[in-house]
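Tertiary structure, described
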Amino acid sequence: MRLDVVTIFPAFFDVLDVSLLGKARERGLLDIGVHDLRDFTHDRHRTVDDTPYGGGAGMVMKPEPWGEALDGLLQPESILVIPSPAGERFTQGVAREFATESHLVFACGRYEGIDHRVGEHFAREHRVRSVSIGDYVLNGGEVATMAMIEAISRLIPGMVGNPESIVEESHEDGLLEAPAYTKPAQWRGLSVPPVLMSGNHGAIRQWRADQSMERTRSIRPDLLP
Ligand code: SAM
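Quantities reported herein were computed from a predicted structural model and do not represent experimental measurements. The written sequence of each chain sets the order in which its residues are numbered from 1. Where totals are concerned, whole chains, interfaces and linings use all residues; where local detail is concerned, this predicted model gives features only for residues with pLDDT of at least 70, and gives and counts side-chain atom pairs only at 80 or more.

For the rest of this paragraph, the subject is the nonpolar core. One recurring pattern in soluble globular proteins is that nonpolar side chains are buried together. We define a nonpolar core as a collection of buried residues of the types Ala, Val, Leu, Ile, Met, Phe, Trp, Tyr and Cys that are connected via C-beta atoms lying within 7 Å of each other. Every C-beta atom is placed from the backbone, and the number of other C-beta atoms within 10 Å of a residue's own sets its class: buried at 20 or more, exposed at 12 or fewer, partly exposed in between. Judged by nonpolar contacts, the single largest core of 38 residues is most densely connected at Leu80 and Ala107. In this view, Leu80 contacts Leu70, Leu74, Val105, Ala107, Phe122, His126 and Val128; residues no more than four positions away in its chain are not counted. We call two residues in contact when their backbone-placed C-beta atoms lie within 7 Å.

Let us now look at the sheet that holds strand β7 (residues 127-132). Two strands form a pair only when DSSP identifies at least two bridges running between them. The helix and strand labels rest on DSSP assignments: H or I over at least four residues marks a helix, E over at least two residues marks a strand, and numbering proceeds from the N terminus. Read from one edge to the other, the open sheet built from five strands follows the order β2-β1-β6-β5-β7, with strand pairing classed as parallel. Every other strand in the sheet has two partners, leaving β2 (31-36) and β7 as the edge strands with one partner each. Adjacent strand axes in the sheet meet at a mean angle of 30 degrees when their direction is disregarded. Bridge analysis of strand β1 (residues 2-7) against strand β6 (residues 103-107) gives five bridges, and the strand direction is parallel. What sits directly across from Val6, in β6, is Ala107. Axis angles are defined between N-to-C directions and span 0 to 180 degrees, where every axis is a line fitted to C-alpha atoms and, for a helix, only to the segment in contact.

With that settled, the discussion passes to helix α2 (residues 63-71). Three or more residues of α2 are buried, namely Pro65, Trp66, Ala69 and Leu70. For α2, the angular spread of the buried residues around the axis is 120 degrees, confining them to a single face. Residues of α2 that are buried make contact with β1, β2, β4 (60-61), β5 (79-89), β6 and α4 (117-122). The arc refers to the directions leading from the helix axis to the C-beta atoms.

Below, the discussion takes up the environment of Ser218. Among the secondary structure elements, Ser218 is positioned in helix α7 (residues 201-219). The exposure class of Ser218 is exposed, given the 9 C-beta atoms found within 10 Å. Ser218 sits 94 residues away from Arg124 along the chain, and the two C-alpha atoms are 44 Å apart.

Once that is clear, we can look at the pairing of β6. Among the five residues of β6, four are classified as buried, and the element is accordingly described as predominantly covered. As judged from the three bridges shared by β5 and β6, these two strands associate in the parallel manner. When the bridges of β6 are listed, Leu80 appears paired with Val105. Note on handedness: a crossover is taken as right-handed if, strands pointing away from the viewer, the path from the first strand over the helix to the second is clockwise. In this fold, β5 hands off to helix α3 (residues 92-99), which returns the chain to β6; that crossover is right-handed.

Looking now at the UniProt feature "binding site: S-adenosyl-L-methionine" (unreviewed entry) in the protein. The residues that UniProt annotates with the feature "binding site: S-adenosyl-L-methionine" (unreviewed entry) are Gly109, Ile133, Gly134, Asp135, Tyr136, Val137 and Leu138. On the basis of neighbour count, Gly109 is assigned to the buried category, with 26 C-beta atoms found within 10 Å. For Gly109, the residues in contact, after removing those within four places along its chain, are Met61, Pro83, Ser84, Ile114, Gly140 and Gly141. In this structure, Gly134 sits in the loop between β7 and α5 (141-153). UniProt positions are given in the numbering used here, feature names are shortened, and annotations may be inferred rather than shown by experiment.

Here it is, written out as structure tokens:
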């Protein structure tokens, strides 16, 4: 899978070389390009923003540098992903869908966001998705893009050592996962639930299913039908 990111802060993505993502890049499972939006400006100050039409606070990202940057990156098979708090919600389902694609291009907005015509223009010939990672407002699309890259890339076959660990996760079956424990069996007066040490796989499966339902009911009832 190929991922391209356009940003005015390429340094945000230096961490792509560590952990599982770094290994996936080394092993050729992921090919990631990070591009500086300012390289597509043509004035002395490398300007990427301007005042909003209609007035109001803040600045808006100019369409021209975005047009030039994205012209050079988007292929017929690409999806242009525009992080935005006003976008559709990024869920495990969307991550799964994106993980089957061959090319994603992330456009990281700053300030009051990117001139709306950029998405409109590229939607004429490409698939464009405006995506929110949650109901809160970040300063820019970089952290949202990093979160999406992690969620998407761990679903690529071969990325995570044990493929079963992906299947048994929160949100995969629509519920939250049961709590997890490791050694020691006693820690600061707290014990591991005895059923997990019983060796009875049927009972363990049932306990996890019950916990999963109970946790979802108390923490995220909105996930239940
Ligand atoms: N004025 C915009 C609005 O109210 O919809 C918010 C702009 S925000 C300060 C700047 C950039 O941060 C956005 O263009 C987007 O790239 C990113 N961003 C902020 N919150 C986000 C979220 N919840 N999900 C995805 N991207 C987000």
